[in-house]
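Chain residues, written in single-letter form:
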Amino acid sequence: MTQNHWGAKYNQFSAGVNHTLSKRTDVYLSGEWQTVSGNDSTGHAAVANIADLPPSSNRHQAVARIGIRHKF
């Protein structure tokens, strides 16, 4: 996914897998990588910022999530 925002260019790659353990339970693993170039709306160098995480201190950010879901 690529998005332009105030002259900054954000590139993000996401991948995930899901494995069913039973009829109501599964485990998942997902990962995301984001890199950015350009400047933000204030003219400063843009920094990576994936969804609900705190912004990175530089132009790159990566996150991995692992979890288990049980449906009631």
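First things first, this report covers the structure right here in the doc. Here the structure is a predicted model, which means the values were calculated and not measured.

Here's the deal with the overall build of the chain
- Summing up its helical and strand segments, the chain has zero helices and four strands in all.
- When the elements of the chain are put in sequence order from the N terminus, they spell out β-β-β-β.
- The C-alpha atoms of the chain give a radius of gyration of 16 Å, which is well past the 11 Å a tight globule of 72 residues would have.
- For the chain, the C-alpha atoms occupy an extent of roughly 50 × 20 × 20 Å along the three principal directions.
- The burial tally for the chain puts 19% of its 72 residues in the buried class.
- Pairs at least 24 residues apart make up 46% of the contacts formed inside the chain by residues separated by at least 6 positions.
- Mean positive and mean negative side-chain charge positions of the chain (7 and 4 charges, respectively) differ by 10 Å.

Overview of the pattern of salt bridges
- Following the criterion strictly, the structure yields three salt bridges and no others.
- Ionic pairing is found between Arg65 and Glu32, a salt bridge with its closest N-O pair at 3.0 Å. Of this pair, Arg65 sits in strand E4 (residues 60-70) while Glu32 sits in strand E3 (residues 25-37), placing them 33 residues apart in sequence.
- Here Arg65 falls in the partly exposed class, since its relative accessible area comes to 30%.

A word on the environment of His70
- Position of His70 relative to the elements: it lies in strand E4.
- According to the relative accessible area criterion, His70 is partly exposed, its value standing at 36%.
- Between the C-alpha atom of His70 and that of Asp26, which follows or precedes it by 44 residues, the distance is 6.7 Å.
- Leave out the neighbours within four places in its chain, and His70 touches Arg24 and Thr25.

Quick word on a nonpolar patch on the surface
- A cluster of nonpolar side chains, contributed by Val17, Leu29 and Ile66, occupies part of the molecular surface with about 330 Å² of accessible area.
- Here Ile66 lies in strand E4.
- With a relative accessible area of 73%, Ile66 lands in the exposed category.

What counts and what doesn't
- Residues numbered from 1 in each chain as written.
- Predicted model: local features only at pLDDT ≥ 70, side-chain atom pairs only at ≥ 80, totals over all residues.
- Heavy atoms only, no water.
- Helix = DSSP H or I, 4+ residues; strand = E, 2+ residues; numbered from the N terminus.
- Rg over C-alpha atoms; globule rule 2.2 N^0.38 Å.
- Buried < 20%, exposed > 50% of the residue type's maximum accessible area, 1.4 Å probe, protein only.
- Contact = heavy atoms within 4.5 Å.
- Lys, Arg positive; Asp, Glu negative; His and termini not counted.
- Charge placed at Lys NZ, Arg CZ, Asp CG, Glu CD.
- Salt bridge = Lys/Arg side-chain N within 4 Å of Asp/Glu carboxyl O.
- Patch = residues over 30% accessible without salt bridge, like charges linked within 9 Å, V, L, I, M, F, W, Y side chains within 5 Å.
- Areas by Shrake-Rupley, 256 points an atom, 1.4 Å probe, with all protein chains shown as cover.

The quantities given are spatial measurements derived from coordinates; they are silent on function.
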